[in-house]
Amino acid sequence: MAGNWVEHALRRSVWKPERQVLALATLGVVIALLLGALYLFQVANEASINNELREMQTERDELERLNQELRSEIAALTSVPNLQVRARELGFQLAGSGQIEYLLVADYYPDRADTVASITADLSNEDDPDDYDETFVDWFGNQIDSIGDTLSDIFGG
Amino acid sequence: MATQAQSAVSIQQEMVRRRAPFVMLGVMILSSTLLLRVISFQFPQDARVSREFATQRDANAGRIETFESARGIIYDRNGYILADNRRRFRIGVSPNLVADPEQTANDLAAILGRDPVEIFNILRSDALYVPLGTIDPDVWQQIDALDLGRAIQEERLFERFYPQAPLASQVIGFVYGQGEDSLGSNGVEGEYQNRLAGVIADQEVSNLPFGVPEDGSILQVGDDLVLTIDRDIQFLIEQELQRAVVETGAEGGTIIVMDPRTGDVLGMTSYPTYDNNNFADADPDLLNNPAVSDTYEPGSVFKVLTVAAALDLGVITADWVYNDTAVLTVPGGVEIENWDRRAHGLVDTQGVLVQSLNVGAATISNLMGRDNFYLMLSRFNIGTITNIDIQGEEQGQVRIPGDEFWSESDLATNAFGQGIAVTPLQMLTAINAIANEGVIMQPRIVHQIIDGDDIETTRIVALSRPISAITAQLVTDMMVATVRDGFDEAAQLPGYSVAGKTGTAEIPDPGIGYRDDAWIMSFAGFLPADNPQVSILIIIDSPANLENQRWASQVAAPVFRRLAERLVILMEIPNDEIRLALEEQGGMVADTP
């Protein structure tokens, strides 16, 4: 007896999907798929960008290292002993104090401000352009006037 | 019967229908609760939960790497690099992650220049990690190209490199250790360790492909330093000192070049020295900077301070005269003698300096009295550290009345620079007061500290005025006369007025008093005397061949002259005739080739 009513209940309870429910379920699945795809796309995109970032960091590090090496190399190559050797190879020699000749330049003053016009003074003489305050109506009127002038030049003689 | 059975089923169905909503509701509540709990983990309120999740995440999603930022660069005053960094790589291998130990051992051995069997044994070991050493970037590139994955791990390091070495080694100092263990020592590297050192920090690096890559770029690099040292002047004085020491057979020496108006140290060197790129191989005694950390008895150079102090106090005047009888017996029975052991008769103040008379200096200090004499020495900062920004400065040794070992004879001997110990920098700083119208300037070695876009310029500081400008001018004139008319004529530079004074000092030897086979020869001076732009101290320690090199005027003064001759060119100081004419017209000079 007991088996009969359960069988009956289950038979009765077989789900008979209706069209609306199916549509909703399908919509849910589609949205889930879309969200999943969007997530995967986002993650893949981010991973790709981060990979690119890593490569750029590596490149930056390498460039920094090369810069450092070049800087040190330049510093070592331009050390005084190296410069002296190169200068001797080029035929230069150290000058003694007796070989240095100083010239007095009459009326030449060390303070440039006293003898040379100030740069800021020059700039201050230039006219500052007016502020831009043209409205659309002004602009439109100007265009109309301009077209009118052109037409009158052509047809009006 | 059938009806009864149908009725019973109907009742049961009704019960199920009635209970089903409650069951479903219960399931929904339970599910929702679980779901909410899961969601709540995204916004943890409990610190313990956060910590637990962080632990879980760290264990799986990331690893800790140490990032080191670069140590600051050290420049000379004209922007030439004196200390820089080189990138190196510290590598190690995880044997359990190596797929083909034999091939890998051969490859690594060929690149590292090591025995393949040794590497193979490492790769076959049970160790989790074995360090392979520190290598240059080009070697690392070759290893990286083997594509060994995580079996090889590298750590980027910065290694200190001195491109101009051994130039200014004792001034700059050195850095020992690598990575997190690196530490600046001695000189500027030691003094400015906290500013120069870059930040070394552990950072979590994500293992996930979509984790934002971490790097050390956010770490703050060390500050750069611009020194007051002029590379060309430094090179010049190192050359001249080495030449002088070698030519005289001396045990060593020191030269300091300063701008007396600012306290800037333009050059500072001692010989013998060391190469700070290979400091580990150097004699440890050479790693210090004797210019600030060693003391010596200055001898007759000190008479300049004695005379200046007495003039400033009004104890004597420029016209003051005493009768020099060759010997002065001071309290305690000590006899003070002149360098030539001769009597010089009536001698004026200038004569004490020009003829460098010990008896005259002792007479003056006796006239001053102990309190005035030592008070003036303290005003000249004798016996006090100058506080220059170099590690390892000593303060010298001045015994004053009241000290256990001070005696009345010290008042006399101190007057001519014996029985008193100063550092070379202290001596020149005190002489600078005379060059700088009586004002002592704070010596400095760092001109600027650069932190990114922030440039902090160290201030020029006037420490004190031990003597008046008038006294300074008087003493300057006497020092000019000493070079012009005295025994220090070897220091003369044609066309230039030079103020200076030599000193030939005995060297104390603990236990026996003073050595009788060696002296310290020194010369302190500045030029142009009427408008000093550079001051120089030269110390030559224990020259050999004493027949021709018995006095500082024979040893140190010629070095001063050679040095000054080059310095006036490097510093573009015209001779007095041109300079005074320029000053008169207020114009500039142009030098012709």
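The rules behind each value
- Residues numbered from 1 in each chain as written.
- Chains lettered and ligands numbered in written order.
- Predicted model: local features only at pLDDT ≥ 70, side-chain atom pairs only at ≥ 80, totals over all residues.
- Helix = DSSP H or I, 4+ residues; strand = E, 2+ residues; numbered from the N terminus.
- Buried ≥ 20, exposed ≤ 12 C-beta atoms within 10 Å, placed from the backbone.
- Domains from an automatic or database assignment.
- Axes fitted to C-alpha atoms, helices over the stretch in contact; angles between N-to-C directions.
- Parallel < 35°, antiparallel > 145°, perpendicular 65-115°, else oblique.
- Left-handed = near helix turned anticlockwise from the far one by under 90°.
- Contact = placed C-beta atoms within 7 Å.
- Nonpolar A, V, L, I, M, F, W, Y, C, P; charged D, E, K, R; others polar.

## Digging into the overall build of chain A
Item 1. Counting its secondary structure elements, chain A contains six helices and one strand.
Item 2. Looking at chain A as a whole, 1% of its 157 residues are labelled buried.

## As for the domain arrangement of chain B
Item 1. Domain assignment breaks chain B into domain 1 (105-146) and domain 2 (231-585).
Item 2. Taken over C-alpha atoms, the centre of domain 1 of chain B sits 58 Å from the centre of domain 2 of chain B.

## Points about the packing of helix H3 (residues 101-112) of chain B against helix H4 (residues 116-123) of chain B
Each packed pair of helices is defined by two parameters, the angle between the axes and the distance between the axes.
All names here are of chain B.
Item 1. Direction vectors running N to C along H3 and H4 enclose 135°, while the axes themselves pass 8 Å from each other. With respect to their mutual orientation, H3 and H4 come out oblique. Once H3 is placed against H4, the crossing between them reads as right-handed. Here Pro101, Glu102, Thr104, Ala105, Asn106, Leu108 and Ala109 of H3 lie close against H4, whose contacting residues are Pro116, Ile119, Phe120 and Leu123.
Item 2. Partitioning the contact of H3 with H4 into residue classes produces eight nonpolar, two polar and one charged.

## Regarding the environment of Arg484(B)
Residues and elements named next belong to chain B.
Item 1. The topology assignment puts Arg484 in helix H17 (residues 469-485).
Item 2. On the neighbour-count criterion, Arg484 (17 C-beta atoms within 10 Å) is partly exposed.
Item 3. On a C-alpha basis, the gap between Arg484 and Leu580 in space is 19 Å, while along the polypeptide they are 96 residues apart.

## As for unusual backbone geometry
All names here are of chain B.
Item 1. Following Tyr271, the chain continues to Pro272 via a peptide bond in cis, the omega torsion being 0°.
Item 2. Looking at the element boundaries, Pro272 is found in the loop between strand S11 (264-271) and helix H10 (290-293).
Item 3. If you check the backbone angles, Asn186 has positive phi at about 65° while not being a glycine.
Item 4. One can find Asn186 in the loop between strand S7 (183-185) and helix H7 (187-191).
Item 5. Residue class for Asn186 comes out buried when judged on the 24 C-beta atoms lying within 10 Å of it.
Item 6. Even without being glycine, Glu572 reaches a positive phi, approximately 55°.
Item 7. Relative to the assigned elements, Glu572 resides in the loop between helix H18 (552-570) and helix H19 (576-585).

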